[in-house]
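A closer look at the structure
So you can see what is in the structure, the chains are spelled out below.
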Amino acid sequence: MPKHLVFQLAVTTAGALIGLTAVSSTAEAAVPPLSHPRIVAHFDRPAGQVAESVTVRPNGSADVGLILSRQVAHVTLGGRVEVLATMPLPADGGVNTPGPGSAAVTGIERTGDGTLYFLYSAGDASLTGLWKLRPGGKPERVAALPAASFLNGLARDDRTGNFYITDSTQGRVWRVGSHGGTATLWAAGEDLAPTHFFGANGVKVHNGAVWVSNLDRGTILRIPLTEKGTAGPHQVMASGLDSVDDFAFTGCGDQLLAALNVPSEVVLITPGKANRIVLDESDGLQNTTALAVDGDTVYVASGALTTGGDANLLTAHLGHHG
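Notes on the structure in this doc start here. (Residues numbered from 1 in each chain as written. Predicted model: local features only at pLDDT ≥ 70, side-chain atom pairs only at ≥ 80, totals over all residues. Heavy atoms only, no water.)

Some remarks on the layout of surface pockets
- In this structure, the largest pocket occupies an estimated 850 Å³ of space.
- Of all the secondary structure elements, the ones that give two or more residues to the lining of the largest pocket are β3 (51-56), β7 (104-110), β11 (151-156), β15 (200-206), β19 (244-249) and β23 (288-294).
- The dominant element in the lining of the largest pocket, judged by the number of residues it contributes, is β15, at six residues.
- Looking at the lining of the largest pocket, its residues break down into 15 nonpolar, 14 polar and 12 charged. (1 Å grid on protein atoms, 1.4 Å probe; cavity = no way out; pocket = protein on both sides within 12 Å on 5 of 7 lines; lining within 4 Å. Points joined across faces, edges and corners; volume = space filled by probe spheres on them. Helix = DSSP H or I, 4+ residues; strand = E, 2+ residues; numbered from the N terminus. Nonpolar A, V, L, I, M, F, W, Y, C, P; charged D, E, K, R; others polar.)

Rendered as structure tokens:
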């Protein structure tokens, strides 16, 4: 997210359980293949609950990473936001965290046994890295990453179990094995680097490649996975995407949905076709941060960092005819 998305909010730690009942709303602005957008949960933004990532459970409920409150939370089917873990502050309070100057929980993934893996950046070598949270357990760090990194996107390769992690301030992609351990530098280069704040941001493993968005450059890259597992030549697959954050594939080949943060939009990107805005502010988006696709349902998180409004989780129906 851009620096002017301001991590300068006065943040107080949210309570262990924020019982928010979903105030569902339906808008008419969604464009096919999306329809029936509905806000299913509201986060406590004044308490720092700014959603930055989302992963979906088998029952359709969701888990999210909340940046400023440094929390991992579960959003129930009824829209209740249950905090699963709150990460400790470093000794300096997080002011030396690269980029935003505030310790942050970002990317999140879930494995079949219900374990959540997430990223924490704190400008502190003892805290920054990939963490896991078993059901009912406490967070454990499974891989350390450099304190000079702002870790942002997290993706798991279902074939190998490897994790891929974007480093937004250093413009890198790190790889960590399925059980944690030493993080290795997997990809770097000018096209992953920032120009003024954040470079490599969202990340997904899809169709034999690692795909990465670059927020500052407004691009989405495809980096092939070679037979040896190394990074192949980088290819720019989409460009001109204002403050592109996270993205998700629709299930139709390389077609994807991209979250544009500052415009508060979701854009449909189909190879060989013009990009189309399919969700916007009129649907309830406010600084769109994260996307997940689960079958015919799209999950969209909004952080509302600059809009000052409603941080929420929205769902929409996905028709596979776009």
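Some details on unusual backbone geometry
- In the segment running from proline 32 into proline 33, the intervening peptide bond is cis, with an omega of 15°.
- Phi at histidine 36 takes a positive value of approximately 50°, unusual for a residue other than glycine.
- Within the secondary structure layout, histidine 36 lies in strand β2 (residues 34-42).
- Judged by its relative accessible area of 61%, histidine 36 is exposed.
- The backbone phi angle of serine 264 is positive, close to 55°, even though this residue is not glycine.
- Secondary-structure assignment places serine 264 in the loop between β20 (256-260) and β21 (265-269). (Buried < 20%, exposed > 50% of the residue type's maximum accessible area, 1.4 Å probe, protein only.)

Points about the sheet that holds strand β24 (residues 297-302)
- With respect to topology, four strands assemble into an open sheet ordered β2-β25-β24-β23, the strand pairing being antiparallel. Looking along the sheet, the strands with just one partner apiece sit at the ends: β2 and β23. Adjacent strand axes in the sheet meet at a mean angle of 20°, parallel and antiparallel pairs treated alike. (Pairing = 2+ DSSP bridges. Axes fitted to C-alpha atoms, helices over the stretch in contact; angles between N-to-C directions.)

Some words on the sheet that holds strand β16 (residues 209-214)
- If you walk across this open sheet you meet the four strands as β15-β16-β17-β18, and the pairing is antiparallel. Looking at the sheet topology across the chains shown, the edges are occupied by β15 and β18 (235-238). Direction aside, the axes of adjacent strands within the sheet are offset by 30° on average.
- In this structure, strand β17 (residues 219-224) lies alongside β18, joined through three bridges in antiparallel fashion. Residue isoleucine 220 lies in a different strand from β18, and its bridge partner there is alanine 238.

Section: the pattern of salt bridges
- Under the counting rule described, the total for this entry stands at six salt bridges.
- Between arginine 57 and aspartate 63 there is a salt bridge, and its shortest N-O distance comes to 2.8 Å.
- Take aspartate 63: its relative accessible area is 0%, and that puts it in the buried class.
- Note that aspartate 157 and arginine 159 form a salt bridge whose closest N and O atoms lie 3.2 Å from each other.
- You can call arginine 159 exposed: its relative accessible area is 64%. (Salt bridge = Lys/Arg side-chain N within 4 Å of Asp/Glu carboxyl O.)

Remarks on the nonpolar core
- Residues Phe43, Val54, Val64, Val75, Tyr299 and Leu313 are the most contacted members of the largest nonpolar core, which totals 19 residues.
- Put simply, the parts of the chain that give this core at least two residues each are β2, β3, β4 (62-66), β5 (71-75), β23 and β24.
- Among residues more than four places away in sequence, those in contact with valine 64 are Phe43, Ser53, Val54, Gln71, Val72, Ala73, Val75 and Ile108. (Core = buried A, V, L, I, M, F, W, Y, C linked by side-chain atoms within 4.5 Å. Contact = heavy atoms within 4.5 Å.)

As for the side chain of serine 243
- The topology assignment puts serine 243 in the loop between β18 and β19.
- In this structure the side chain of serine 243 is engaged in a polar contact, spanning 2.9 Å, whose partner is the backbone nitrogen of valine 262. (Polar contact = N/O pair within 3.5 Å; in protein donor to acceptor, adjacent residues only side chain to side chain.)

Some remarks on the packing of aromatic side chains
- Across all of its chains, the model carries six aromatic pairs by this definition.
- On the numbers, 4.9 Å between centres and 80° between planes, the contact of tryptophan 211 with phenylalanine 249 is edge-to-face. Remark: phenylalanine 249 occurs in strand β19 and tryptophan 211 occurs in strand β16; sequence separation between them is 38 residues. Of the two residues, tryptophan 211 and phenylalanine 249, both sit in the buried class.
- An aromatic cluster of at least three residues, connected via ring pairs, comprises Phe150, Phe197 and Phe198.
- Here the basic side chain of lysine 204 rests over the ring of phenylalanine 247, its NZ or CZ set 5.4 Å away from the ring centre. (Phe/Tyr/Trp six-rings, centres within 6.5 Å; stacked < 30°, edge-to-face > 60°. Lys NZ or Arg CZ within 6 Å of the ring centre and 35° of its normal.)

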